[in-house]
Amino acid sequence: MDVIPGFDAVTDNWPRFWGGFVTTLQLLALSGVGAIVIGFVVAAMRISPVASFRVFATTYTEAIRNIPLTLVLFFCAFVLPYLGVGIGYFTLATIGLTVYTSPFVAEAVRSGVNGVPVGQAEAARSIGLGFGQTLTLVILPQAFRMVIPPLINVVIALTKNTSVAGGFFVAELFAAGKYIANDRGDAVITALLSVAVFYLVVTITLGRVAAFVEKKVAVLR
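Residues numbered from 1 in each chain as written. Predicted model: local features only at pLDDT ≥ 70, side-chain atom pairs only at ≥ 80, totals over all residues. Heavy atoms only, no water.

1. Observations regarding the overall build of the protein chain
In step 1: If you tally the helices and strands in the protein chain, you get 9 helices and 0 strands.
In step 2: Mapped in sequence order, the helices and strands of the protein chain form the string α-α-α-α-α-α-α-α-α.
In step 3: Oriented by its inertia axes, the alpha-carbon framework of the protein chain measures out at about 75 × 45 × 25 Å.
In step 4: By sequence separation, contacts in the protein chain at least 24 residues apart represent 77% of the contacts at least 6 residues apart. (Helix = DSSP H or I, 4+ residues; strand = E, 2+ residues; numbered from the N terminus. Contact = heavy atoms within 4.5 Å.)

In structure tokens:
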């Protein structure tokens, strides 16, 4: 008799569970890196002296942030293939998660940049530095300390958002749990609790990292 009712359904399907967990980590890593790269570019455009860049970045940020993730992934999983984009569902899900997360990264970066005293940029311009040099050499190094904690929070949210990809033909962790729950009606609670434990391993670890980094980079005032 199982100590935990239905736990044998988890152990019997361990390869599926583990495979789903690995897929979740891959989605998290690839879309996280992509979102950070795009987010930094969008943030730079939002504070750019070029008006057209600011308009584009603002429109992009506000539009994507206010569209449900499910709709973004639906577009990637069904509309893009219909338009002739011949790539796998995993890649399409990665693209969707990247696009959806990038505006949140951009806002975190922009808030950090706004936290740097204006006098720093003025001093940089006074010695002849252009916008790009001022941003990369003066502003971002100082903003970096304030950006890290909210960025990690964005990554934590992304970790949970990867579960939506399970509804679009990607065999990630939540999809694995749903399969077992459907296959074994007596193990629904156990399967879902097991999925929750896997997510908690990632999110709690990231939360600890965020707390550690926040202490290390805290600015003395």
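2. Some remarks on helix α4 (residues 69-82)
Each full turn of the α-helix corresponds to 3.6 residues, which orients residues three or four apart in the same direction.
In step 1: When the terminal C-alpha atoms of α4 are compared, their 19 Å separation across 14 residues agrees well with the 20 Å that a helix rising 1.5 Å per residue should span.
In step 2: At Phe75, α4 shows its maximal bend, which comes to roughly 30 degrees.
In step 3: Where α4 is buried, its residues contact α5 (89-114) and α7 (131-161).
In step 4: With its phi angle positive at about 100 degrees, Gly84 sits one or two positions after the end of α4. (Expected span 1.5 Å × (residues − 1). Bend = angle between axes of the 7 residues up to and from the residue.)

3. Section: the layout of surface pockets
In step 1: Considered as a void within the structure, the largest pocket measures approximately 300 Å³ in volume.
In step 2: Residue lining of the largest pocket: Ile47, Val113, Asn114, Val116, Pro117, Val118, Ala121, Arg125, Phe131, Thr134, Leu135 and Ile139, and that is the complete set.
In step 3: For the lining of the largest pocket, the elements supplying multiple residues, two or more each, are α5, α6 (118-126) and α7.
In step 4: No other element matches the 4 residues that α7 contributes to the lining of the largest pocket. (1 Å grid on protein atoms, 1.4 Å probe; cavity = no way out; pocket = protein on both sides within 12 Å on 5 of 7 lines; lining within 4 Å. Points joined across faces, edges and corners; volume = space filled by probe spheres on them.)

4. Re the nonpolar core
In step 1: Ranked by internal contacts, the top residues of the largest apolar core, which has 31 residues, are Phe17, Leu27, Leu97, Ile152 and Leu173.
In step 2: Listing elements by their share of this core, those giving two or more residues are α1 (7-12), α2 (14-46), α4, α5, α7, α8 (173-183) and α9 (188-217).
In step 3: It is α9 that provides the largest number of residues to this core, a total of 8 residues.
In step 4: Each residue touching Leu173, except ones within four places of it in the same chain, is listed here: Phe17, Gly20, Phe21, Thr24, Val195, Phe198 and Tyr199.
In step 5: Judged by nonpolar contacts, the second largest core, of 23 residues, contains Ala44, Ala124, Val147 and Val154. (Core = buried A, V, L, I, M, F, W, Y, C linked by side-chain atoms within 4.5 Å. Buried < 20%, exposed > 50% of the residue type's maximum accessible area, 1.4 Å probe, protein only.)

5. Description of the side chain of Thr94
In step 1: When you line up the elements, Thr94 lands in helix α5.
In step 2: A relative accessible area of 11% places Thr94 in the buried class.
In step 3: Once you skip the residues sitting within four places of it in the chain, Thr94 turns out to touch Leu27, Leu30 and Ser31.

6. Considerations on the pattern of salt bridges
Pairing between side chains becomes possible if they bear opposite charge and their charged atoms approach one another.
In step 1: Enumeration according to the criterion identifies 3 salt bridges in this entry.
In step 2: Residue Arg110 pairs with Glu107 through a salt bridge whose shortest N-O separation is 3.1 Å. Residue Arg110 and its partner Glu107 are located together in helix α5, separated by 3 residues, close to a single helical turn.
In step 3: What makes Arg110 partly exposed here is its relative accessible area of 23%.
In step 4: Glu107 gets classed as buried once you look at its relative accessible area, which sits at 17%.
In step 5: Connected via shared salt-bridge partners are Arg46, Glu107 and Arg110. (Salt bridge = Lys/Arg side-chain N within 4 Å of Asp/Glu carboxyl O.)

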